[in-house]
Amino acid sequence: MCGRYALFRWSQAFAGLPGFPPGQQPQWNISPGASVLIQRQLDGERQLASARWGLTPAWLTDLSRTPAQARAETLAEQPMFRDAFRQRRCLLPANGFYEWRGTARKRPYWVTPGEGASLFFAGVWEVYPVQEQEWLSCAVITQAAMNQRRPLILDEAEQALWLDPETPLARLHELLAKPPATLRERALALFVNDPKLDGPECLTPA
């Protein structure tokens, strides 16, 4: 399951998008509940915004239940996600994500398309009103891969389809069912096991 990821490097073009926070800091160890960057298409323009990683629909009353992930196989039917899937799709930029494997003491792995690469997870977003302010939240869409669940990663053409509000529903379902991306893995030291640690040492090789 994609429970942690990182965004510590981005291009000048990405930083030039509307909504890019002027004080955006590298994030090496992002976990559910954190503030993350999402990319949306609003009024025909791609824009960035900060959102809480953990989907919070406006009707939700139990705020202890804010899912950080949504399964691609059931996204379109589940009440928690189906409206957002049809109307509020987004991308979550990343440089890679972490996985843990093993039994007694699990070993972390860094998973990415390649060193220096960037990738975009498919996601959905919601607005949660609090008094006179509206807060954004999001969830990452996951798919079955490598005997576990990994983020649904979209290439440039697929990103445009995912964000476009006019994309036919059948085409969106095709994206949800696409084969998992080919990725590289690297075993890591145990520093990233500490969710409070947020620095480049998270990527220390084993």
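Keep in mind that what you see is a predicted model, and the values were worked out from it rather than measured.

Engineer: Would you mind going over helix H4 (residues 169-176) with me for this structure?
Structural biologist: Along an α-helix, residues three or four apart share an orientation, since each turn contains 3.6 residues. All of the buried residues along H4 are Leu172, Leu175 and Leu176. Viewed along the axis of H4, the buried residues span an arc of 100°, placing them on a single side of the element. On the buried face of H4, the contacting elements are helix H2 (82-87), strand E6 (89-94), strand E10 (133-145) and helix H3 (156-163).

Engineer: So what exactly am I meant to see when it comes to the packing of aromatic side chains here?
Structural biologist: Aromatic rings in a pair are described by how distant their centres are and how their planes are angled relative to each other. This structure, assessed with the given rule, holds 11 aromatic pairs. Relative to Trp100, the ring of Tyr98 lies with its centre 6.2 Å away and its plane at 45°, an arrangement referred to as tilted. Taking the ring centre of Trp162 as reference, the NZ or CZ of Arg89 above it sits at 5.8 Å. Note that Arg101 overlies the ring of Tyr109, its terminal NZ or CZ placed 4.4 Å from the centroid.

Engineer: I'm lost on the side chain of Glu99 in this one. Help?
Structural biologist: Along the polypeptide, Glu99 turns up in strand E7 (residues 96-101). Of note is the side chain of Glu99, whose polar atom sits 2.7 Å from the side chain of Arg101. Not counting residues within four places of it along the chain, the set of residues in contact with Glu99 comprises Arg107, Pro108, Tyr109, Val111, Gln148 and Arg150.

Engineer: How should the sheet that holds E7 be read in this particular structure?
Structural biologist: Adjacent strands of a sheet form backbone hydrogen bonds with each other and so pair up, either parallel or antiparallel. One open sheet holds the five strands; their spatial order is E2-E1-E7-E8-E12, and the pairing between them is antiparallel. Each of the sheet's edge strands pairs with one partner strand only, and the pair in question is strand E2 (27-30) and strand E12 (184-187). Neighbouring strand axes in the sheet, compared pairwise and without regard to direction, differ in orientation by 25° on average. Bridging between strand E1 (residues 5-7) and E7 involves two bridges; their strand directions are antiparallel. Pairing of Tyr5 across the sheet is with Phe97, part of E7.

Engineer: Please explain the layout of surface pockets as it appears in this structure.
Structural biologist: Any space left empty among the atoms is revealed by the rolling of a water-sized probe across them. Of the pockets and cavities examined, the largest pocket occupies roughly 200 Å³. The wall of the largest pocket is formed by Ser50, Ala51, Arg52, Thr56, Leu63, Thr66, Tyr128, Trp135, Leu136 and Ser137. Contributions of two or more residues to the lining of the largest pocket are made by strand E4 (45-53) and E10. Looking at side-chain class alone, the lining of the largest pocket contains five nonpolar, four polar and one charged residues.

Cut-offs applied
- Residues numbered from 1 in each chain as written.
- Predicted model: local features only at pLDDT ≥ 70, side-chain atom pairs only at ≥ 80, totals over all residues.
- Heavy atoms only, no water.
- Buried < 20%, exposed > 50% of the residue type's maximum accessible area, 1.4 Å probe, protein only.
- Helix = DSSP H or I, 4+ residues; strand = E, 2+ residues; numbered from the N terminus.
- Arc of directions from axis to C-beta.
- Contact = heavy atoms within 4.5 Å.
- Phe/Tyr/Trp six-rings, centres within 6.5 Å; stacked < 30°, edge-to-face > 60°.
- Lys NZ or Arg CZ within 6 Å of the ring centre and 35° of its normal.
- Polar contact = N/O pair within 3.5 Å; in protein donor to acceptor, adjacent residues only side chain to side chain.
- Pairing = 2+ DSSP bridges.
- Axes fitted to C-alpha atoms, helices over the stretch in contact; angles between N-to-C directions.
- 1 Å grid on protein atoms, 1.4 Å probe; cavity = no way out; pocket = protein on both sides within 12 Å on 5 of 7 lines; lining within 4 Å.
- Points joined across faces, edges and corners; volume = space filled by probe spheres on them.
- Nonpolar A, V, L, I, M, F, W, Y, C, P; charged D, E, K, R; others polar.

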